[in-house]
There are 2 protein chains.
Amino acid sequence: MPPDAPAHLSEEQIISLVAYLAGGAGGDLAVGIGDDCAVLGGDQTGLVVTTDLLVQGSHFDLELMSPADVGHRSMAANLSDLAAMGARPAYGFLSLGMPARPTAAFVSELVGSMVAQGRAHGLKLAGGDTVKAPQVVINLCLLGAMGNLAPVLRSGGRLGDAVCVTGLLGGSGAGLAWLQAGRDPAEAAAAEAVAAHCRPTPRVAAGRALAESGRVHAMMDLSDGLAADLPRLARASGLGAAVEAEAVPISPAALAVAPALGGDALGWALGGGEDFELLFTCDPGEVPLLAQVVAEAAEGLTVTQVGRLTQGPGVTLIKQGEEEPITYKGFDHFQEPAP
Amino acid sequence: MPPDAPAHLSEEQIISLVAYLAGGAGGDLAVGIGDDCAVLGGDQTGLVVTTDLLVQGSHFDLELMSPADVGHRSMAANLSDLAAMGARPAYGFLSLGMPARPTAAFVSELVGSMVAQGRAHGLKLAGGDTVKAPQVVINLCLLGAMGNLAPVLRSGGRLGDAVCVTGLLGGSGAGLAWLQAGRDPAEAAAAEAVAAHCRPTPRVAAGRALAESGRVHAMMDLSDGLAADLPRLARASGLGAAVEAEAVPISPAALAVAPALGGDALGWALGGGEDFELLFTCDPGEVPLLAQVVAEAAEGLTVTQVGRLTQGPGVTLIKQGEEEPITYKGFDHFQEPAP
């Protein structure tokens, strides 16, 4: 273990320690632990791989979401990691842990929804494992194909780049807050936010089109929220970033439920996470062209410049002319009490 | 869901249902759910993939095994699936769930041992995920490369084939029984059995050499024991099988601890599982040659013919001249009470 490893570890420290033990990239491995996907080399050049472990209680609540929602959402979250590289989804491997004697209805809804969501983006479920566990445990490992394109990494950002996002932010966080408040998911005002949380759309076609354009310098997906993910992209690129609060495309779904919940739509947009939109950087002059590329690839999906990459270090939020450091942190499951 | 799916599912029924929902092989997928690994096609021809989910309490007990043992064993079990196809280990992806605030020592021992075991067989840990979970959860997804060889499937067995195993059986089951009985793992008589359980050796080099020989018709690894795994190979080949009890190569490690535990060494050899030896079939005349191939590839590892493939259906055990159907079943985690 590295000599300076503390006795008890946060999530980031665990990742650093595992990366240290694994020995980083090199040899036939182009990109190891630390990007949205690993990028393979040698005979496997052109293949990217992502994996996600979801545990009932930490990552989803079957009191708040149907098995079909959980299946859709797990697959969408993983597809989003492939999208962030510009990869074409190819094969998926599902490990499924469940309490004793699951019902056929439960398995059919969960896995059926997962398979359908994969198939909608060209992915085939090709293998897996099923075991007994005290709670539902889902691990997906997805392989994506780059074809002749180079994967778009987090580390390619350049000083002065425009920082852009696809779509609208905060809907998923608002939907989760609605469900956690015990409100009726069928209420019309919240339907869009609840759908954003339970049935997110991974930006597979947009990610591929952005990679194909050859004009995107750095890309990742927004799984923990702009406030947690942009610092990761900026740091990977050796830069900082500044975000204009007024420019953040807040989802009307978040604005619609904020008053009823006493919630903060901008807070959800910056820190709610799980919108699974794409975050990318490019030359500022290319933004209009890339907006057109995305709109054509993904049925009118929008692109919004929310800031720029700076000398840094750190990411600042510019709100009504005032600069403040972004203090939102990604949710560290290892430090917080269980939800 | 298939119209005849029962309300509550066994492990085999869950696998069948998932395979049904996934839609089986076809297109670019050469072999889907049901063999030791999935066999990819299209641009990914030559790649095989396996994944395993291990949950503390169901699959390992940290009261009985050290974190380093658990790490070694999880990696070895997955490497064994690659070995069973004749693949060369390439890349591994680790998803690790742990309770809040794990120690650096725990992560270092568990992951360090896993990485070391992978590296010993040419595998690179290339990515993963870490999350909080109520108990330790380990998912490994491993990619193996076939090079120019065709993977050896379970389904290639031919009528009259010799049924062979590598190495000695029952050591792991005996070691587990010793630990579960609360006996001292350091006791000399049990050291070998305990090591067989905690530090199994996946037969990667032997599996590759057998595949390279071009003379093996069907192969799988012994993870649930001969009595559970041979019926799977036979059924996949559309055949039955007969096993000679006297021919089963019982591990001296199992024989050494049987008296002290009042255990049945042949029972461990047939049903104990987790020996991670290879089970394969070939023309009876080729057994001596393949024994030599394995001995050369894997430092004197033995090959023993234990029976033959028959018209079937079913697998019978021939013991002192009497035939009895093999009634051992693989441990079905979904039906049995938790260990």
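Residues numbered from 1 in each chain as written. Chains lettered and ligands numbered in written order. Predicted model: local features only at pLDDT ≥ 70, side-chain atom pairs only at ≥ 80, totals over all residues. Heavy atoms only, no water.

As recorded in an unreviewed UniProt entry, chain A goes by Thiamine-monophosphate kinase and comes from Desulfoferula mesophila. Per UniProt, chain A carries the Pathway (unreviewed entry) text "Cofactor biosynthesis; thiamine diphosphate biosynthesis; thiamine diphosphate from thiamine phosphate: step 1/1." Per UniProt, chain A has the following entry under Catalytic activity (unreviewed entry): "thiamine phosphate + ATP = thiamine diphosphate + ADP". (UniProt positions renumbered as here; feature names shortened; annotations may be inferred.)

Let us look at the UniProt feature "binding site: Mg(2+) 4" (unreviewed entry) in chain A. All names here are of chain A. UniProt records the feature "binding site: Mg(2+) 4" (unreviewed entry) at D36, T50 and D81, using the numbering of this structure. Spatial clustering of the annotated residues is evident: they stretch over 46 residues in sequence, but the largest pairwise C-alpha distance comes to 6.9 Å. With respect to the secondary-structure elements, T50 resides in strand β3 (residues 47-55). The residues contacting T50, other than those within four sequence positions of it, are D36, C37, N78, D81, L82, L140, C141 and L142. Residue placement: D81 occurs in helix α2 (residues 67-83). Judged by relative accessible area, D81 falls into the buried class, the value being 10%. (Helix = DSSP H or I, 4+ residues; strand = E, 2+ residues; numbered from the N terminus. Contact = heavy atoms within 4.5 Å. Buried < 20%, exposed > 50% of the residue type's maximum accessible area, 1.4 Å probe, protein only.)

Here we take up the environment of L239(A). Residue and element names in this part refer to chain A. Relative to the helices and strands, L239 is located in the loop between α7 (226-236) and β9 (240-244). For the pair L239 and Y91, spaced 148 residues apart in sequence, the C-alpha separation works out to 34 Å. Aside from chain neighbours lying at most four places away, what touches L239 is G157, R158, L159, A234, L309, T310, Q311 and G312.

Now for the relation of the copies chain B and chain A. The operation relating chain B to chain A is a screw motion whose rotation component is 180°, with 0.0 Å of axial translation and a residual RMSD of 0.0 Å. Taken together, these values place the two copies in the relation of a two-fold axis. (Least-squares fit on C-alpha atoms with pLDDT ≥ 70 in both.)

Here the focus is empty space enclosed by the protein. All names here are of chain A. By the definition in use, this model includes 1 cavity of 30 Å³ or more. Put simply, the largest cavity is a space of about 30 Å³. Around the largest cavity, the lining residues are L54, H59, F60, M65, V70, R73 and S74. Among the elements that take part in the lining of the largest cavity, α2 stands out by supplying 3 residues, more than any other. The class makeup of the residues in the lining of the largest cavity is 4 nonpolar, 2 polar and 1 charged. (1 Å grid on protein atoms, 1.4 Å probe; cavity = no way out; pocket = protein on both sides within 12 Å on 5 of 7 lines; lining within 4 Å. Points joined across faces, edges and corners; volume = space filled by probe spheres on them. Nonpolar A, V, L, I, M, F, W, Y, C, P; charged D, E, K, R; others polar.)

Before going further, it helps to examine unusual backbone geometry. Cis geometry marks the peptide bond from G312(A) to P313(A); its omega dihedral reads 0°. You can see P313(A) is positioned in the loop between β11 (303-310) and β12 (315-319). Not every positive phi belongs to a glycine, and E274(B) is a case in point at roughly 60°. Unusually for a residue other than glycine, Q320(B) sits at a positive phi of about 50°.

Our next topic: the sheet that holds strand β6 (residues 137-145) of chain A. All names here are of chain A. Judged by pairing direction, the sheet is mixed, and its 6 strands sit side by side in the order β1-β2-β3-β6-β4-β5 without closing on themselves. On the outer flanks of this sheet lie β1 (29-31) and β5 (124-132), each paired with one strand and no other. Adjacent strand axes in the sheet meet at a mean angle of 20°, parallel and antiparallel pairs treated alike. Pairing of strand β2 (residues 38-40) with β3 involves 2 bridges; the strand directions are antiparallel. Across the sheet, residue A38 finds its bridge partner in β3, namely V49. (Pairing = 2+ DSSP bridges. Axes fitted to C-alpha atoms, helices over the stretch in contact; angles between N-to-C directions.)

So, about the pairing of strand β4 (residues 88-98) of chain B. All names here are of chain B. Taking burial as the measure, the 11 residues of β4 include 10 buried ones, the bulk of the element. Taken together, the 9 bridges between β4 and strand β6 (residues 137-145) define a ladder with antiparallel strand orientation. Across the sheet, R88 pairs through a bridge with A145, a residue of β6. Bridge count between β4 and strand β5 (residues 124-132): 8 bridges; the pairing is parallel. Note that in β5 the partner of S95 across the bridge is D129. Considered for its hand, the β-α-β crossover made up of β4, helix α3 (residues 104-120) and β5 is right-handed. (Right-handed = clockwise from strand over helix to strand, strands pointing away.)

The next subject is the interface of chain B and chain A. The partner chain A presents 76 residues to the 76 residues of chain B that form the contact. Around 6000 Å² of area is buried between chain B and chain A when both sides are counted, 64% of it from carbon and sulfur atoms. Applying the counting criterion to the chain B and chain A interface returns 0 salt bridges. Applying the counting criterion to the chain B and chain A interface returns 16 residue pairs in polar contact (both at pLDDT 80 or more). (Buried area = accessible area lost by both parts, 1.4 Å probe. Salt bridge = Lys/Arg side-chain N within 4 Å of Asp/Glu carboxyl O. Polar contact = N/O pair within 3.5 Å; in protein donor to acceptor, adjacent residues only side chain to side chain.)

For the rest of this paragraph, the subject is the pairing of strand β12 (residues 315-319) of chain B. Residues and elements named next belong to chain B. Of all 5 residues in β12, 4 are buried, a share of seventy percent or more. Examined bridge by bridge, strand β9 (residues 240-244) and β12 share 4 bridges and lie parallel to one another. Bridge pairing in β12 places V243 opposite L317. Across 4 bridges, the pairing between β12 and strand β13 (residues 322-325) is antiparallel. Looking across to β13, one finds that T316 is bridged to P325. Turn length for the β12-β13 hairpin, with the two strands adjacent in sequence and antiparallel, is 2 residues, and the turn residue Q320 shows positive phi of about 50°.

Residue and element names in this part refer to chain A. Interhelical geometry of α2 versus helix α3 (residues 104-120) gives an angle of 30° and a closest axis separation of 7 Å. Compared by their axis directions, α2 and α3 come out roughly parallel. In the crossing of α2 with α3, the sense of the turn from one axis to the other is right-handed. Counted together, P67, A68, V70, G71, H72, S74, M75, A76 and L79 of α2 and F106, E109, L110, S113, M114, Q117 and G118 of α3 form the full contact between these two elements. Of the residues in the contact of α2 with α3, the class split is 9 nonpolar, 6 polar and 1 charged. (Parallel < 35°, antiparallel > 145°, perpendicular 65-115°, else oblique. Left-handed = near helix turned anticlockwise from the far one by under 90°.)

All names here are of chain B. Strand order across the open sheet formed by 7 strands is β8-β10-β7-β11-β9-β12-β13, with mixed pairing between neighbours. Strands with a single pairing partner mark the edges of an open sheet, and in this sheet they are β8 (218-221) and β13. Pairwise comparison of adjacent strand axes, ignoring direction, gives a mean angle of 25° for this sheet. Contacting β8 and β10 (278-282), helix α6 (residues 204-213) crosses the sheet at an angle of about 15° to β10.

With respect to the secondary-structure elements, I318(A) resides in strand β12. Setting aside residues no more than four positions away along its own chain, I318(A) makes contact with A242(A), V243(A), E244(A), A245(A), E246(A), R308(A) and E323(A).

What follows covers α3(A). Between its first and last C-alpha, α3(A) extends 23 Å over 17 residues, near the 24 Å set by a 1.5 Å rise per residue. Among all positions in α3(A), only A104(A), F106(A), V107(A), S108(A), L110(A), V111(A), S113(A), M114(A), V115(A), Q117(A) and G118(A) are buried. On its buried face, α3(A) is in contact with α2, β4 (88-98), β5 and β6 of chain A together with α1 (11-22) of chain B. Phi for G122(A), located one or two positions after α3(A), is positive at around 85°. (Expected span 1.5 Å × (residues − 1).)

Another aspect to go through is the side chain of D69(B). Note on placement: D69(B) falls in helix α2 (residues 67-83). Residues in contact with D69(B), not counting those within four places in the same chain, are C198(B) and R199(B).

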